[in-house]
Each structure stands twice: as C-alpha cells, then as structure tokens.
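Secondary and tertiary structure notes
What follows is the residue order along each chain.
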Amino acid sequence: MPVIAVSPLSRIAEVAVKMKAREMISLLAENQHFHRPGVIDASRHLKLGVNDVANPARGLVHPQEEHVAAIIDFARGWDQSAPLLVHCWYGVSRSPAAALIAALAVRPDLDDAELTRTLRAASPQASPNTRLIEIADGLLSREGRLVEAVRAIGRGAEFVGEKPFVFSFGE
C-alpha cells in the first residue's frame, strides 16, 4: 500500500531516515535554502518555490498550474515501494495539499472524500492549501470532488506544533 509522509521542514531528515524515504517534494518560498537529507536521491527531489497563499499577494509566489502539474508528474514517477516524503515549512497546508494531489495522481480511482478523511485522521491540524487543491481538481479531472472533499473536512485544528504524519491509501 503506498505511503506518504508529510513533515515540517525542521524534521525532514528525521522523517526521511525513519520512513526510509528516497524521494521528496519540497514546497517552500523561492530561494529558501535548506539541506536535502542524504537518503533522498537528488534526482528524485522536486523543489517548488511557492508560498502558502490562496490568493495573489505582492511579493509572494501564488500557486500556479505549473506547480501542480509538476507535483502530478513527479508523483507518477514515484517508486511506491518506499514512502514519498512531502514537506513545507510547518507541514500543515502546502504539503498536505501536495500529498492529496500525489495520491490521486497515482491512484485516480480513489474516492476523494475517503482520501481526505484518511488525511484528517492522520493529522487533525492539516489544512490543505485551497489554491493547490482547486488547480489539482481541474488537472486531475476530479469534477469538483476534491474541492468538495477538502471543504467537507474543514480547516484543521489550531496549530499546536510541528507534527509529521503518515498516511496510506489504496488497496
């Protein structure tokens, strides 16, 4: 069963080693520098310079179709024998959205509502970035189901700290 690990930036090395991840998606502000864990293959590390915003804001990179398309393409090349590590700054908004997108990219037969409930059970504080979700809904031909499923789980609980989480899907 495929597994996705979602982490805040501060814990990516720990999570990568513990989960034996070899592939990673990073969603951080442009030019935000960090050290890629040594267990992550450099050729299988997607870095996206995008801010955690739902609407355009001066000086920030608003999520665009090319960001979501890159997540989809990367996920479709993921060797699902090891977990995929997805991270952003806190592991609460951009990375949970990217995790949902990756799951549906590799398993388009999944039920959107069931998948988002699985995400919510794994992380009470996850609040997937709505802009990334809206774009993905269109690119993955979800016909509004993904947007509605994310809306149905609602905003996550108040942030209480950087808490990595893992969820499985499929089979």
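Residues numbered from 1 in each chain as written. Predicted model: local features only at pLDDT ≥ 70, side-chain atom pairs only at ≥ 80, totals over all residues. Heavy atoms only, no water.

**Section: the sheet that holds strand S1 (residues 3–8)**
The sheet built from five strands is open, its strands ordered S3-S2-S4-S1-S5 with mixed pairing. Each having just a single partner strand, strand S3 (45–49) and strand S5 (165–168) make up the two edges of the open sheet. Each adjacent strand pair in this sheet contributes to an overall mean axis angle of 15 degrees, direction not counted. Pairing between S1 and strand S4 (residues 84–88): five bridges, direction parallel. If you follow Pro 8 over to S4, its bridge partner there is Cys 88. (Pairing = 2+ DSSP bridges. Helix = DSSP H or I, 4+ residues; strand = E, 2+ residues; numbered from the N terminus. Axes fitted to C-alpha atoms, helices over the stretch in contact; angles between N-to-C directions.)

**Overview of the nonpolar core**
The biggest cluster of nonpolar side chains holds 41 residues, and the ones touching the most others in it are Ile 4, Leu 27 and Phe 169. Here this core takes 10 residues from helix H3 (residues 94–106), the largest share from any one element. If we skip the residues at most four places from it in the chain, Ile 4 touches Trp 78, Leu 84, Val 86, Ala 99, Ala 102, Ala 103, Phe 165, Val 166, Phe 167 and Phe 169. One finds Ala 5, Ala 16, Ala 21 and Leu 28 within the second-largest nonpolar core, a separate group that totals 10 residues. (Core = buried A, V, L, I, M, F, W, Y, C linked by side-chain atoms within 4.5 Å. Buried < 20%, exposed > 50% of the residue type's maximum accessible area, 1.4 Å probe, protein only. Contact = heavy atoms within 4.5 Å.)

**As for the side chain of Thr 116**
Mapped onto the elements of the fold, Thr 116 is located in helix H4 (residues 112–122). In terms of polar contacts, Thr 116 uses its side chain to reach the backbone carbonyl oxygen of Ala 113, at 3.0 Å. In this structure the side chain of Thr 116 is engaged in a polar contact, spanning 3.4 Å, whose partner is the backbone oxygen of Ala 149. Beyond its immediate chain neighbours, meaning those up to four positions away, Thr 116 contacts Leu 100, Leu 146, Ala 149, Val 150 and Ile 153. (Polar contact = N/O pair within 3.5 Å; in protein donor to acceptor, adjacent residues only side chain to side chain.)

**Observations concerning the pairing of S1**
Across the six residues of S1, six count as buried, placing the element largely inside the fold. By the alternation rule, side chains of S1 split into Val 3, Ala 5 and Ser 7 and Ile 4, Val 6 and Pro 8, which are all buried. Examined bridge by bridge, S1 and S5 share four bridges and lie antiparallel to one another. When the bridges of S5 are listed, Ile 4 appears paired with Phe 167.

**As for the pattern of salt bridges**
Scanning all chains against the criterion turns up eight salt bridges. Note that Glu 14 and Arg 11 form a salt bridge whose closest N and O atoms lie 2.8 Å from each other. Residue class for Arg 11 comes out partly exposed when judged on its relative accessible area of 27%. A salt bridge links Asp 109 to Arg 107, with the nearest nitrogen and oxygen atoms 2.7 Å apart. In the salt-bridge network here, residues are joined through shared partners; they are Asp 112, Arg 142, Glu 143 and Arg 145. (Salt bridge = Lys/Arg side-chain N within 4 Å of Asp/Glu carboxyl O.)

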